[in-house]
Number of protein chains: 2
Amino acid sequence: MNTLSYGLLSLLTKNSRSGYELMQHIQPFWSAKHSQIYPLLAQLEQKGHVAFVHVAQSDKPDKKVYSITEQGKDALRGWIAEPTDEPVTRDELSLKVYCIGLVDKEQARKMLAVREVYYKKKKERFNLLMDKIQQGSEKPLDQLEIGDDAFGMYVLVHKATMKVDTDLYWCEWMKEKLK
Amino acid sequence: MNTLSYGLLSLLTKNSRSGYELMQHIQPFWSAKHSQIYPLLAQLEQKGHVAFVHVAQSDKPDKKVYSITEQGKDALRGWIAEPTDEPVTRDELSLKVYCIGLVDKEQARKMLAVREVYYKKKKERFNLLMDKIQQGSEKPLDQLEIGDDAFGMYVLVHKATMKVDTDLYWCEWMKEKLK
DNA sequence: CAGTACATGTAATGAGTTACATGATTTT
DNA sequence: AAAATCATGTAACTCATTACATGTACTG
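Residues numbered from 1 in each chain as written. Chains lettered and ligands numbered in written order. Predicted model: local features only at pLDDT ≥ 70, side-chain atom pairs only at ≥ 80, totals over all residues. Heavy atoms only, no water.

**Regarding the packing of aromatic side chains**
In step 1: On inspection of all chains with the given rule, the structure shows 10 aromatic pairs over all chains.
In step 2: An angle of 50° between the planes, with centres 5.4 Å apart, marks the rings of Phe-52 of chain A and Tyr-66 of chain A as tilted. Of the two residues, Phe-52 of chain A is situated in strand 2 (residues 50–55) and Tyr-66 of chain A in strand 3 (residues 63–68); the sequence distance between them amounts to 14 residues.
In step 3: Note on Tyr-98 of chain A and Phe-29 of chain B: the rings are 6.4 Å apart at their centroids and 45° apart in plane angle, and the pair reads as tilted. Of this pair, Tyr-98 of chain A sits in helix 5 (residues 92–98) while Phe-29 of chain B sits in the loop between helix 2 (19–26) and helix 3 (34–47), placing the two residues on different chains. Just as Tyr-98 of chain A is buried, Phe-29 of chain B falls in that class too.
In step 4: Over the ring of Tyr-98 of chain A we find Lys-14 of chain B, and its NZ or CZ is 5.4 Å from the ring centre.
In step 5: In this structure, Lys-96 of chain B is placed above the aromatic ring of Trp-79 of chain A, and the distance from its NZ or CZ to the ring centre is 5.2 Å. (Phe/Tyr/Trp six-rings, centres within 6.5 Å; stacked < 30°, edge-to-face > 60°. Helix = DSSP H or I, 4+ residues; strand = E, 2+ residues; numbered from the N terminus. Buried < 20%, exposed > 50% of the residue type's maximum accessible area, 1.4 Å probe, protein only. Lys NZ or Arg CZ within 6 Å of the ring centre and 35° of its normal.)

Okay, structure coming up:
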């Protein structure tokens with residue numbers, strides 16, 4: 001059982017989903033390709049942590065919809081109680097910025113402009129996500145509590161939004177430095 | 001040539017260093033173990049991107065000090081000109097927070113308290129790093145420009161400090177939510 | 001004399017990406 | 001007719017961590 005396996009179980013506590021849907025919805029918090037997810041789902045099924053049903057679709061290809069079992073929920077609670085790994089970030093840009101003196105100002109500006117566009121798109125995605133959470137919630141978001149279904153998602157998207165704002169602020173600051 | 005190889009070359013543009021020292025200094029920007037670094041250095045040496053000399057030490061074990069070659073610098077400039085990979089972050093905590101409703105408030109608070117301590121230590125490390133950069137610089141840090149040796153390091157540590165402040169702010173915000 | 005920091009390496013294993021493979025359905 | 005999205009899977013490869021292996025020198 002690796003971290004991604006528990007991540008899939010985490011998502012399944014809120015909705016039953018297919019492997020394809022899990023792949024799409026886990027992206028903001030843990031990037032993973034379908035080739036990694038499908039074998040893990042098969043493993044989770046063998047262990048009894050999840051169960052699936054075949055769902056026929058007329059408009060799209062059929063799919064396997066997975067649900068978490070009680071056993072899976074127990075496994076999740078055990079995992080949450082364990083010490084949490086420290087976060088890992090790998091950003092190629094930081095290595096390039098470290099030796100940015102090797103290239104001219106113009107090239108440096110272009111490199112950072114590309115990244116700024118990336119951050120802006122990311123911010124837009126989080127804004128849309130926040131709208132979606134609000135639509136699915138009866139309460140105003142700032143009144144959600146730990147017991148509410150959307151609480152976890154809300155506080156995570158809030159964190160992600162704050163962090164991407166910080167990234168964008170740094171980009172602006174860098175533009176001044178490279179003037 | 002993977003990203004870490006270019007990262008090692010990036011560090012070597014500022015100082016000649018041993019594998020052990022490279023491992024220590026690359027940590028804030030790209031986490032890597034010595035077992036990954038030593039083989040890559042051997043590869044870089046074979047390709048002519050770096051050269052090393054044996055340095056005998058009386059107080060410590062002897063070491064191999066690597067320097068970047070002109071060919072290595074050319075390789076670096078080519079790499080900087082290429083499109084930059086998007087950053088990847090994997091944080092087990094975000095998956096646990098997503099389904100935080102599975103456990104009680106007290107356990108949730110404890111989990112976040114552990115993370116807050118981690119962020120505070122991290123902030124302290126960046127503060128020390130910033131002091132060290134100032135000590136090695138003639139100019140005040142906010143006057144450094146792209147041509148200055150410490151510029152890249154300065155802007156990166158500035159970014160890291162802003163981001164860890166955001167993380168700490170989120171921890172405070174979460175404490176209110178879990179009251 | 002035990003533990004820690006310094007120093008360098010290899011081997012085995014696990015995690016993650018890219019490529020291979022197939023096929024339905026909808027949109028352009 | 002081609003491209004995009006949905007859908008599931010396996011195979012090959014690269015990247016990263018943990019474990020194995022060895023040894024020096026200093027500190028408590």
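Now that the structure has been shown, the text picks up again.
**Side note on the domain arrangement of chain A**
Residue and element names in this part refer to chain A.
In step 1: Each domain of chain A was delimited in the assignment, giving domain 1 (3–81) and domain 2 (92–177).
In step 2: The straight-line distance from the C-alpha centre of domain 1 to that of domain 2 is 27 Å.
In step 3: Contact residues are listed per partner, giving 4 residues for domain 1 and 7 residues for domain 2.
In step 4: In total, about 410 Å² of surface goes out of reach between domain 1 and domain 2, with carbon and sulfur atoms giving 65% of it.
In step 5: Interface area lost by domain 1 to domain 2 is led by Lys-14, Pro-28 and Phe-29, which between them contribute 91%.
In step 6: Counting across the interface, domain 1 meets domain 2 through 1 residue pair in polar contact (both at pLDDT 80 or more). (Domains from an automatic or database assignment. Contact = heavy atoms within 4.5 Å. Buried area = accessible area lost by both parts, 1.4 Å probe. Polar contact = N/O pair within 3.5 Å; in protein donor to acceptor, adjacent residues only side chain to side chain.)

**Section: the pattern of salt bridges**
Oppositely charged side chains can form a pair if their charged atoms are brought close together.
In step 1: Going through the model one piece at a time under the given rule, you end up with 28 salt bridges over all chains.
In step 2: The closest approach of N and O atoms between Lys-63 of chain A and Glu-21 of chain A, which form a salt bridge, is 2.9 Å. Of this pair, Lys-63 of chain A sits in strand 3 while Glu-21 of chain A is found in helix 2 (residues 19–26), placing the two residues 42 residues apart along the sequence.
In step 3: Judged by relative accessible area, Lys-63 of chain A falls into the partly exposed class, the value being 23%.
In step 4: On the basis of relative accessible area, Glu-21 of chain A is assigned to the partly exposed category, the value being 22%.
In step 5: Between Lys-139 of chain B and Asp-148 of chain B there is a salt bridge, with the nearest N and O atoms lying 2.9 Å from each other.
In step 6: You can call Lys-139 of chain B partly exposed: its relative accessible area is 30%.
In step 7: A network of salt bridges, in which partner residues are shared, links Glu-116, Lys-120, Glu-172 and Lys-175 of chain A. (Salt bridge = Lys/Arg side-chain N within 4 Å of Asp/Glu carboxyl O.)

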